[in-house]
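These are the residues of each chain, in order.
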Amino acid sequence: NKERQKERLVMGKLFIIGNGFDSAHCLNTSYDEFRKYLCNTYMNGESGEDYMPMVPTVSIGPKGEEICDMEEIASFLVYLISIAEPDGSKWSDLEASLGRLDYDEAFDTLPEELDDDGDINYWHELYNNEDMASNLYTAVAYVKDLFAEWVDDIDVENAKAKPSFLSLIEPEDIFLTFNYTETLEEVYGVNKDRICHIHGKQGENILFGHGNTRDYTDEYMEKNIGSESSLTELDNFLRKETEQALIEHKYFFDGIDDTIREVYSIGFSYADVDLIYIKEICKKLDVDALWYLNDFSLTDIQIFQKKLKECGFRGNFA
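Predicted, not measured: the structure shown is a model, and the values here were computed from it.

**Student:** Would you take a moment to explain the environment of Y292 for this structure?
**Tutor:** For Y292, the position within the fold is in strand β7 (residues 290–293). Distance from Y292 to L38, taken between C-alpha atoms, is 36 Å for residues 254 residues apart in sequence. Those residues within four positions of Y292 in sequence are excluded, and the remaining contacts are E262, V263, Y264, S265 and A318.

**Student:** Would you take a moment to explain helix α7 (residues 122–140) for this structure?
**Tutor:** Residues spaced three or four apart along an α-helix face the same direction, because each turn holds 3.6 residues. Compared with the 27 Å implied by 1.5 Å per residue over 19 residues, the 26 Å span of α7 between its first and last C-alpha is a close match. Taken as a whole, α7 has its buried residues at L126, N129, M132, A133, L136, A139 and V140. Each buried residue of α7 sits inside an arc of 155 degrees when the element is viewed along its axis, so together they form one side. Turned more than 90 degrees from where α7 packs its buried face, W123 and D131 sit exposed. The inward-facing, buried residues of α7 contact α4 (70–84), α6 (104–108), α8 (142–153) and α12 (228–237).

**Student:** I would appreciate a short explanation of α8 in the present structure.
**Tutor:** Look at α8: 17 Å from first C-alpha to last across 12 residues, which is about the 16 Å you get at 1.5 Å a residue. Looking at α8, one finds that the buried residues are Y142, V143, L146, F147, W150 and V151. Residues of α8 that are buried make contact with α3 (31–42), β3 (66–67), α4, α5 (94–97) and α7.

**Student:** Got a minute to help me understand empty space enclosed by the protein in this structure?
**Tutor:** Empty pockets left among the atoms are what a rolling probe the size of a water molecule brings to light. If you walk through the whole model with that rule in mind, you get 1 cavity of 30 Å³ or more. Computed from the structure, the largest cavity encloses a volume of approximately 40 Å³. I17, F21, D22, T177, N179, T181, T183, L184, E185 and H197 together form the lining of the largest cavity. Put simply, the parts of the chain that give the lining of the largest cavity at least two residues each are α2 (19–24) and α10 (183–188). Of all the elements, α10 adds the most residues to the lining of the largest cavity, at 3 residues.

Basis of the calculations
Residues numbered from 1 in each chain as written. Predicted model: local features only at pLDDT ≥ 70, side-chain atom pairs only at ≥ 80, totals over all residues. Heavy atoms only, no water. Helix = DSSP H or I, 4+ residues; strand = E, 2+ residues; numbered from the N terminus. Contact = heavy atoms within 4.5 Å. Expected span 1.5 Å × (residues − 1). Buried < 20%, exposed > 50% of the residue type's maximum accessible area, 1.4 Å probe, protein only. Arc of directions from axis to C-beta. 1 Å grid on protein atoms, 1.4 Å probe; cavity = no way out; pocket = protein on both sides within 12 Å on 5 of 7 lines; lining within 4 Å. Points joined across faces, edges and corners; volume = space filled by probe spheres on them.

Right, here's the structure in full:
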C-alpha cells in the first residue's frame, strides 16, 4: 500500500474544478450574480419587468459602430432568460437556458398585415418577421459581451485558501478548470502550466453558451415565416464550441493516461454540454482509477456516477 501511495504521488492526480469551487471561496460567480450585475449596472437596480420589454433596436453609426440603449438590451435579456430559466428570476442554468429561448412573444407584438380585401398580406408579414428576427439577433447576441464584462469584474483578491484542499494538492497534480477565474493560481499558487482553463479565463476570450444541437429552422418558419434565417443563426452563435475547445487544448488531454489513478471532482455539475471533456478523460483512465466526488448532495452524487459510467468510466468511486 505504501508503494502504491508513493506511485500515485509521483504520477500526480487530476482535479476537475467547477463553479462550486469558487462559490465555496465566497466568490460571486453564480449565474444569478450575473443577473444581479445586469440589473445593478444597467437597470438602476430593477429586477426586470413582469412583462416583455420592447425589443431593442440597434442602429449603425457613421463609423460603422453599433448604437443602442444598454438599459434596453439588459432589460430584454433579463426578461427573456428568466422566462427560459427553471427557477425563473433566479438564474441557475444560464447556459442551457440560452438553448431554449422563446421568441414567440416578440412576434406577437407585430401588427397583423392585411391587404385591401382584408386578407392577410403574407409578403408584408414575412418582411416584418425578418426585421424582428434581425433585431432579436442583434440584441440577444450582446449576452456574450455582457457575460465577459461581468467575468472580468470578479475579484479573487479576498479569497482565502482552504487548508483541506491545500493539503490535498501536490506539485505533480494537474487541473482541468471550468472556471474563468485564477483562483488556483492566485490563492493556491498552482503552476499555470499545470492548469487547463478549458473555457478561457479573465482578460482573455472566453467560451460560453449552450449545448443544444437541435435544428429549429422548420419550427421558426412554421410559426413566423421569414424569421428562420436570423433565429437559426442566433442559435448557432449562442452554442458553445466544445469540440473546438477540445482541439485547442489537445496538449492537456494528451497528457492524461492510465498512470493517473485518482481524479478529484470539486464543485463541478457535469452539465451535458461539458461531458465531451469527461468522455475524453474516461478514455484514458485505467479500471483501477478512483474518482472522488465531493459529497455536497447524495442525490447529485448518484446522478454524477451514472453520467460518468455513461461517459465510459470503468473505475471506482470514493
